[in-house]
Amino acid sequence: MTAALLKRPGWWRALSYAILGGAFGYGLVVVLREISGLPATQTQQTGYPQVIVAAITTSFGFLIGIGCFDYWFRWAVGAPTFPKEREHENHGAYSWRDYFKVNTDHKVIGIQYLVTTFFFFFVGGLMAMIMRAELAQPGTQIVDPSTFNSLFSTHAALMIFVFVIPAFAGIANYVLPLMIGAPDMAFPRLNALSYWMLPVAGLLFLGSYLAPGGAFDAGWTGYAPLSTGAPLGQSFFNLGVQFAGASSIATALNFLVTIVTMRAPGMNFWRLPLLVWANLSTSLLVVAATPFIAGVQFMVLFDRVLHTNFFQAAFGGDVISYQHIFWFYSHPAVYIMMLPGFGIVSEVISTNSRKPIFGYRLMALALIGIVVLSYSVWAHHMFVAGMFSWLRVPMMITTLLIAVPTGIKIFSWLGTLFEGVIHLRSTAMLFALGFVATFTIGGISGVMLGMIPIDIHVSDTYFVVAHIHFVLFGGSVFTIFAGIYHWFPKMTGRMYDEKLGRIHFWLTLVGMLGTFIPMHWIGMEGMPRRVADYSATFGDWNLFISVCAFVLGAAQLIFLYNMIVSWRYGPKAGPNPWRAKTIEWQVSSPPPVFNFDEIPRVVGGPYEYGVPGARHVIMPGEEAEVRQPERAGVGAPS
C-alpha cells in the first residue's frame, strides 16, 4: 500500500520526495565540504549553504512528487507516456479533491490560483494588522523594530509576488481560453507547473521566519548591500522570487501562445475582448522584464553564499547597479499588476452600463503604449540614489508621458458610462467605479512623485506608502474583487449575496480611504516609512489610520464568508446572469470540462450592446441567421 502511494503522484509522494530532496541537498553540501577539507556545515550569517541548497532540492522534490514532471520525465527517457485511456485522467474537476492535485484543466488551475493567492492575501493582511497595531501609538507596544522590519518586508513580498500578480493570472486562466473560444491553454502541463511553483514561493517567504536570525528584513526591494549582509532569511527571499518569477514567466508564455494561435474562427485581433488585450500586453511585459529581477536576485544570492562581489563597493562592485536592474523590472511590474485590472474593469463597466466600450481600438493601443513606455521610466525611483544627475530630467519626462495612455483609458471608461444604463446593484460594478476613482488619485500622486523636487522632498516618507497603496489596493485589489464578483457565477455555478457584496465594497472603500489619504499629509510633513517608532507629533493621525486599517481588514472577512457560503449554498446561476456578450457567458455555469463540443464562430465585436442585429459569436448548434448591424460596431464586418 505504501509503495503504491509513493509511486502515484499526490500528496504522500510529494511530502516524501520533499523530505528526500531536502536530505539529499543537505547531504550533498556536507559531503562536498568534507571532500574539500572544509567544516561539514557553515553557519556564517550570509552562508548556510547546506540550508540554501536543501531549500532548493526540497522545493523540487515537492514539485516532482506532486506530479508536475511525470509526463515529461517519461517522455525524456523514451518510456511510454500515459495510455490513451488515461490521457485526460488529470483534466477537469469531478469532486473537491481534484483541486488538490496536479490538473491540466485551465478552469481548475484558475480556481487553484485564486484560492492559493487569497490564502497569502489574508496572511499578508494579518501582518499589516500587526504593523498598524504597533503604529497606533508612538513607542514599542507589540513587536520590536527588528520584527517590524521583517513584517513589512514579508507583507509586501506576499502581496506583490504571491497575491496581486498571480491572482490576475488566476482570473485570466479561467476566463481567457473561454473568451477566445479555445478548449484549453496551449500548454496545459506547463500551466499546471506554473501554478504549483506559486505555493512553493509563498512558503519560502514564510519559511524565512524559521531561519536563524529571523525573516528577511530588507524590504520587498531587497536593496544591496543591505541584503547581501542580512541574515539567512534573506536567502529565502532570493529563492522565493525565483520560483514566483518562473511561475509568472511560464504563465505569460502560455497566454501569449494561446492568444496568438488558438483564437476561434473569426476572432481577429480587433474582435478580442479587452481583457484578452490586457493579458496579451501584460504577458509581453512579464516575459521581457521578469528575467531582470531573477538575475539580480541570483547576483545577491551569489554575493551572500559564493562571496562574489557584484554589489560590494569595497571590492569593486557597483551598488547603484542593483537599483537600476531591480527597477528596470519593478516599474514594468507596476503595470504587470495594473494592466489585467484595466481589462477586467473594461468588461465590467461595458456589461453593467449596457454600452459598447468607448474608443475600443484606442484602448487596445493604449495598452501597447503602456508596455513600450514602461521600460523608459525606471530611474524615477532613484532620484535620491546617487545616480547620474543628468538622467533625472529625461526620466521625469518619460514618467509624465506614460500618464497619457493611462489617461486615455480613464476617459474611455467615463465615455462608456456617459448616458449608459448603469447597474449599481452589481458589486462588481461598484468595485469597478471605486477603482476608477481611487486609481485616478493614485495616478495623480504618481505624477507628483515623477517631479524631481517633489520626489526628493517626500522620498522615503509615508507619501510613497500612500501612493503605492492607492495604486495597488485601490487599483489592483479593487479590480481583482471586481473580477471575482463578475465571474463568480461562471466559476461556481452559484450566485453570491449582493447585499453582503455591497457591504464589503463600502467598508473596503471607507477603510481604504481612511487608511491611505492621511498618509499623504503626514508624509509631506516628514513621517518616515518603514519605521516601528516615530515622533509623537504624528500620534493622533497614526491612531486614526490604524482604526481605519482594522475596518479595512474586517471587511475582507465579509468577502471570505460570502464566497465560501455562496459557493456551497448560493442560488444556482444561469449561463448568462449579466446578459453579457463575450463567449464565456454563452456556455453553462460552470462550463463543460473541455469548454465546447464544437469551437464557436465569432462574427462581430464583443461589446455591441444596444446595436440591433449585432452578435459577437454563433455557438455550436445555433442556426439563427446573423443580420448585418444597423451601424458598424467594433470588430463588425464592414
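1. What to know about the overall build of the chain
Alright, step 1. Helix and strand counts for the chain stand at 19 helices and two strands.
Alright, step 2. In terms of C-alpha radius of gyration, the chain reaches 25 Å, essentially the compact-globule figure of 26 Å for 638 residues.
Alright, step 3. Its C-alpha atoms put the chain at 80 × 65 × 45 Å along the principal axes.
Alright, step 4. By sequence separation, contacts in the chain at least 24 residues apart represent 78% of the contacts at least 6 residues apart.
Alright, step 5. Approximately 25600 Å² of the chain is accessible, and the part contributed by carbon and sulfur atoms is 69%.
Alright, step 6. Side-chain charges in the chain split into 35 positive and 30 negative, and the spacing between the mean points of these groups amounts to 7 Å.

2. A look at unusual backbone geometry
For residues that are not glycine, phi is negative in most cases, and the peptide bond is trans in most cases.
Alright, step 1. Cis geometry is found at the peptide bond from Ala224 to Pro225, where omega equals 5 degrees.
Alright, step 2. Considering the arrangement of structural elements, one finds Pro225 in the loop between helix 7 (188–207) and helix 8 (233–261).
Alright, step 3. Here the amide bond leading from Ser589 into Pro590 is cis, since omega sits at -10 degrees, within 30 degrees of zero.
Alright, step 4. Mapped onto the elements, Pro590 comes out in the loop between helix 19 (539–569) and strand 1 (601–602).
Alright, step 5. Of note in this structure, Asp460 is not a glycine but carries a positive phi near 60 degrees.
Alright, step 6. As for its placement among the helices and strands, Asp460 is situated in the loop between helix 16 (452–458) and helix 17 (462–492).

3. Re a nonpolar patch on the surface
Alright, step 1. On the surface, Phe24, Leu28, Val31, Leu32 and Ile35 cluster together into a nonpolar patch covering about 510 Å² of accessible area.
Alright, step 2. The residue Leu32 is located in helix 2 (residues 11–35) in this model.

4. Some words on the side chain of Thr406
Alright, step 1. Relative to the helices and strands, Thr406 resides in helix 14 (residues 403–417).
Alright, step 2. Given a relative accessible area of 13%, Thr406 falls into the buried group.
Alright, step 3. Looking at Thr406, its side chain comes within polar contact range of the main-chain oxygen of Ile402, at 3.2 Å.
Alright, step 4. Sequence-distant contacts of Thr406, that is, excluding residues within four places in its chain, are made with Phe342, Ile370 and Phe439.

5. Quick look at the environment of His91
Alright, step 1. Checked against the element boundaries, His91 lands in the loop between helix 4 (70–76) and helix 5 (106–135).
Alright, step 2. Distance from His91 to His106, taken between C-alpha atoms, is 8.8 Å for residues 15 residues apart in sequence.
Alright, step 3. With residues up to four places along the chain from it excluded, the contact list for His91 reads Asn103, Thr104, Asp105, Asp184, Val593 and Phe594.
Alright, step 4. Separated by 3.0 Å, the side chains of His91 and Thr104 make a polar contact.

6. Some remarks on the pattern of salt bridges
Alright, step 1. Taken as a whole and judged by the stated rule, the model has four salt bridges.
Alright, step 2. In this structure, Lys101 and Asp98 form a salt bridge, with 3.7 Å as the shortest nitrogen-oxygen distance.
Alright, step 3. The closest approach of N and O atoms between Lys107 and Asp105, which form a salt bridge, is 3.0 Å.
Alright, step 4. By relative accessible area, which is 5% here, Lys107 ends up buried.

7. Side note on the packing of helix 2 against helix 3 (residues 49–66)
Alright, step 1. Where helix 2 contacts helix 3, the two axes come as close as 7 Å, and the packing angle between them is 150 degrees. What the angle tells us is that helix 2 and helix 3 run roughly antiparallel. Relative to helix 3, the crossing made by helix 2 is right-handed. When helix 2 is examined against helix 3, the residues Trp11, Arg13, Ala14, Tyr17, Ala18, Gly21, Gly22, Phe24, Gly25, Tyr26, Val29 and Arg33 are found in contact with a partner set consisting of Pro49, Gln50, Val53, Ala54, Thr57, Thr58, Gly61, Phe62, Ile64, Gly65 and Ile66.
Alright, step 2. For the contact of helix 2 with helix 3, a count of residues per class yields 13 nonpolar, eight polar and two charged.

8. Details of the packing of helix 5 against helix 6 (residues 145–179)
Alright, step 1. It is at 7 Å that the axes of helix 5 and helix 6 come closest, and there the two elements cross at 155 degrees. With respect to helix 6, the axis of helix 5 lies roughly antiparallel. Where helix 5 crosses over helix 6, the two elements pack in a sense that is left-handed.
Alright, step 2. A class-by-class count of the residues in the contact of helix 5 with helix 6 yields 27 nonpolar, nine polar and two charged.

9. A few points about helix 12 (residues 360–373)
Alright, step 1. Here helix 12 spans 20 Å end to end across 14 residues, near enough to the 20 Å set by a 1.5 Å rise per residue.
Alright, step 2. For helix 12, every residue scored as buried is listed here: Tyr360, Met363, Ala364, Ala366, Leu367, Ile370 and Val371. Along helix 12, the residues classed as buried sweep out an arc of 155 degrees about the axis, all on the same side.

10. As for the packing of aromatic side chains
Alright, step 1. With the rule as written, the count across this model stands at 58 aromatic pairs.
Alright, step 2. Plain terms: the ring middles of Phe342 and Phe439 are 5.5 Å apart, the flat faces sit at 70 degrees to each other, and that makes the pair edge-to-face. Placement of the pair is Phe342 in helix 11 (residues 339–353) and Phe439 in helix 15 (residues 427–450), with a sequence separation of 97 residues.
Alright, step 3. Taking the relative accessible area as the measure of exposure, Phe342 reaches 1% and is therefore buried.
Alright, step 4. The buried category is assigned to Phe439, whose relative accessible area is 7%.

11. Some points on helix 17
Alright, step 1. Where helix 17 bends most, the angle comes to about 45 degrees, and this point is His486, followed within four residues by the proline Pro489.
Alright, step 2. Helix 17 sits mainly inside the fold: 29 of its 31 residues count as buried.
Alright, step 3. After helix 17 finishes, the residue Gly493 shows a positive phi value of roughly 75 degrees.

12. Describing the environment of Phe596
Alright, step 1. Summarising the element assignment, Phe596 is placed in the loop between helix 19 and strand 1.
Alright, step 2. The spatial distance from the C-alpha of Phe596 to the C-alpha of Pro620 is 8.1 Å, given a sequence separation of 24 residues.
Alright, step 3. The residues contacting Phe596, other than those within four sequence positions of it, are Leu178, Gly181, Ala182, Ile583, Val587 and Met619.

13. Quick look at the environment of Val200
Alright, step 1. Within the fold, Val200 resides in helix 7.
Alright, step 2. The exposure class assigned to Val200 is buried, which follows from its relative accessible area of 7%.
Alright, step 3. The sequence separation of Val200 and Pro575 amounts to 375 residues, and the corresponding C-alpha distance is 35 Å.

Scoring rules and cut-offs
Residues numbered from 1 in each chain as written. Predicted model: local features only at pLDDT ≥ 70, side-chain atom pairs only at ≥ 80, totals over all residues. Heavy atoms only, no water. Helix = DSSP H or I, 4+ residues; strand = E, 2+ residues; numbered from the N terminus. Rg over C-alpha atoms; globule rule 2.2 N^0.38 Å. Contact = heavy atoms within 4.5 Å. Areas by Shrake-Rupley, 256 points an atom, 1.4 Å probe, with all protein chains shown as cover. Lys, Arg positive; Asp, Glu negative; His and termini not counted. Charge placed at Lys NZ, Arg CZ, Asp CG, Glu CD. Patch = residues over 30% accessible without salt bridge, like charges linked within 9 Å, V, L, I, M, F, W, Y side chains within 5 Å. Salt bridge = Lys/Arg side-chain N within 4 Å of Asp/Glu carboxyl O. Buried < 20%, exposed > 50% of the residue type's maximum accessible area, 1.4 Å probe, protein only. Polar contact = N/O pair within 3.5 Å; in protein donor to acceptor, adjacent residues only side chain to side chain. Axes fitted to C-alpha atoms, helices over the stretch in contact; angles between N-to-C directions. Parallel < 35°, antiparallel > 145°, perpendicular 65-115°, else oblique. Left-handed = near helix turned anticlockwise from the far one by under 90°. Nonpolar A, V, L, I, M, F, W, Y, C, P; charged D, E, K, R; others polar. Expected span 1.5 Å × (residues − 1). Arc of directions from axis to C-beta. Phe/Tyr/Trp six-rings, centres within 6.5 Å; stacked < 30°, edge-to-face > 60°. Bend = angle between axes of the 7 residues up to and from the residue.

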